[in-house]
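# Fold and geometry: a report
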Amino acid sequence: MDIQTLPPRTVIGNYKILKTLGRGGFGVAYVAWDCQLERNVVLKECFPTAICRREEDGTVRPLRAELEAHYLQVMADMQREARTLAKLNHERVVRVYEFFESRGGLYYVMPWLEGGSLREKMEEAADAGQPIAVQTAIQWLLAVLEGLQYLHDKGIVHRDIKPSNIMFDEHEHPVIIDFGASVMHAATTVTQGEFSADYAAPEQIAGKGAPFAGTDLFALAATAYELLSGSMPEPTLRRMLKDELVPIDSLPGMESLPQPLVQFVMQNLQLSPAARDKSAAYWRAVLSGMAECKPLPQPRPVGRWVWYAAAMGAMAVIVGIGASLLPKTPTPTAPQPQQAPPAAEALYRAYVAHNKASFAAAPAEYAAYAARVEAVAAEHHQACDAVLQQLEQELADTPRTTEQKSDLRDKYTDKIYDLEVEYSRKLTESKNAFYNQFVSPFNSLLTEPHLHYPAWRDADFAHLPVLRERLERTYGQYLVLPHHLEQPNLNKHRHRIDALLPGI
């Protein structure tokens, strides 16, 4: 049993835990049964792993005795934030029914939304080979913007907008969920690094400047880029080193996107916070055709070395946190590189020659780490196949009533879910090894050559941008896993259950 999560059938207050939905650095989410009102709910436990642990009896304690005062202050901060969230009342923002303390921890009670997440809808569309209609995407974005406008008017920045944090209610309307990052921000001394790097704005990654409404809009624009095109935008961390973001309307099949939608995505993906200084209400008006999009005045460009220094500091934090905060696959197309000057080419050849062994070993090391991750995925698929074969056998042995088939669906869906939880844990461990043991040192070779070349001179800094571009162009493919390993689809086995038990 994973002691960091509470096991099924544990009773907390009026709630009996049914299963774990997910866990992160600042909390665990469960599906629970409300014994008093007899309904399913989501029970969110505030559990900052940076400062606390769980005893065998389920009690939450500080990691060490000297952290006790700090832990109590953090819990008080989170409780204060919980009172604010419990007062929220908007149909596009998840309700907090109540919050309470138990066994040393703080718990939120929220409705169980059965319409699935935006992430699931995106994966289902990808599996079916049918992109989500542009007008449908616009309607979803308008609904999320309505929720963000409500939050921002209340002075709340969500800080973790992403497809898995947008759920759908019984009417198929989007609802913003999971205020874990917002709650944890109240406890400012816990950690600065609680965010989802694939959707995080530069001010979150670099820790430069407070998150604001534009921080949430950046994350929503990244979500929209993926929702519409099926591809992630270039990772923010890479853009902080060298911004090569491909405009969404330059991607295949995206050429005819409505211009207001393109403007929403591209303007809110600007690295400079000043370039995103528009409200959710403004963008709702633009996307609904009620207002014309007026570009902001171009801010003064941020110096390349300022972004580089911030990005390098962020890389050190991210590698320590783990694979969930690292960039995914590069963007589908990239601009053609310019011809390097002779002096930069000579420096490139000398640098590669000096580090010949490291560069020569990279392909084999990359293949070995990727094979480990592939093996974890193969083991998971094999285990799921075995479970589904059991379901096929049970259905073949004896005719079943609709009620019995429904019970079978629940039973085997739970089995698949448990396998997915275990797979996610193993996948994270193997990806952590890949990034920490291979990517981090190899990335340093590509981005900090002055640290790995004794003959480096001050004059060589003039050629550093070209040198780094040449190194990344030649060896950058070793910094990311293959797409199917970086973004595994965990829904296909559940879809097989749907195929075996249609209409149940």
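First, a word on what this report is: a plain description of the structure on this page. Nothing here was measured: the structure is a model prediction, and the numbers come from that model. (Residues numbered from 1 in each chain as written. Predicted model: local features only at pLDDT ≥ 70, side-chain atom pairs only at ≥ 80, totals over all residues. Heavy atoms only, no water.)

Leu-43, Ile-248 and Phe-264 are the most contacted members of the largest nonpolar core, which has 85 residues in total. Non-local contacts of Ile-248, meaning those with residues more than four positions away in its chain, are made with Ala-224, Tyr-225, Leu-228, Met-254, Leu-257, Val-262, Val-265 and Met-266. Leu-347, Phe-359, Ala-370 and Leu-427 belong to the second largest nonpolar core, which has 32 residues in total. (Core = buried A, V, L, I, M, F, W, Y, C linked by side-chain atoms within 4.5 Å. Buried < 20%, exposed > 50% of the residue type's maximum accessible area, 1.4 Å probe, protein only. Contact = heavy atoms within 4.5 Å.)

As a further point, take the pairing of strand E7 (residues 98–102). As defined by bridge partners, E7 adjoins strand E8 (residues 105–111) across 5 bridges and the pair is classed as antiparallel. Note that in E8 the partner of Glu-98 across the bridge is Val-109. Between E7 and the antiparallel strand that follows it, E8, lie 2 residues; Arg-103 among them carries a positive phi value of about 55°. (Pairing = 2+ DSSP bridges. Helix = DSSP H or I, 4+ residues; strand = E, 2+ residues; numbered from the N terminus.)

Below, the discussion takes up the pattern of salt bridges. Counted according to the given criterion, the structure contains 20 salt bridges. As a salt-bridge pair, Glu-45 and Arg-54 come within 2.7 Å of each other at their nearest N and O atoms. Judged on exposure class, the residue Glu-45 and its partner Arg-54 are both buried. Of the charged contacts in the structure, one is a salt bridge between Glu-244 and Lys-242, with a shortest N-O distance of 3.4 Å. Look at Glu-244 and you get partly exposed, because its relative accessible area is 25%. One network of salt bridges, in which partners are shared, links Glu-91, Arg-92 and Asp-169. (Salt bridge = Lys/Arg side-chain N within 4 Å of Asp/Glu carboxyl O.)

Within the element layout of this structure, His-463 appears in the loop between helix H13 (402–447) and helix H14 (464–475). Sequence-wise, His-463 and Leu-347 are 116 residues apart; in three dimensions their C-alpha atoms are separated by 8.1 Å. Other than its neighbours up to four places away in sequence, His-463 contacts Ala-343, Ala-344 and Leu-347.

With that settled, the discussion passes to helix H12 (residues 356–397). Given a rise of 1.5 Å per residue, 42 residues ought to cover 62 Å, and the 62 Å separating the end C-alpha atoms of H12 matches this to within 8%. Largest kink in H12: about 40°, centred on Ala-362, with the proline Pro-363 one to four residues after it. (Expected span 1.5 Å × (residues − 1). Bend = angle between axes of the 7 residues up to and from the residue.)

Turning our attention to the environment of Tyr-351. Mapped onto the elements, Tyr-351 comes out in helix H11 (residues 342–354). Relative accessible area serves as the criterion here: at 0%, Tyr-351 is assigned to the buried category. Remark: the alpha-carbon pair of Tyr-351 and Leu-467, spanning 116 residues in sequence, is separated by 9.3 Å. Setting aside chain neighbours within four positions, we find Tyr-351 in contact with Phe-359, Leu-445, Pro-449, His-452, Tyr-453 and Leu-471.

Backbone geometry at Arg-9 places phi at a positive 80°, although glycine is not the residue there. Structurally, Arg-9 is set in the segment before strand E1 (11–12). Although it is not a glycine, Glu-172 sits at a positive phi angle of roughly 65°. Mapped onto the elements of the fold, Glu-172 is located in the loop between strand E9 (166–168) and strand E10 (174–176).

Before going further, it helps to examine helix H9 (residues 280–287). Extensive coverage of H9 is indicated by the burial of 6 of its 8 residues. Residues of H9 that are buried: Ala-280, Tyr-282, Trp-283, Ala-285, Val-286 and Leu-287. Of the surrounding secondary structure, the elements contacted by the buried residues of H9 are helix H3 (134–153), helix H6 (213–229) and helix H8 (259–268). Trailing H9 by a residue or two, Gly-289 shows a phi angle of about 80°, which is positive.

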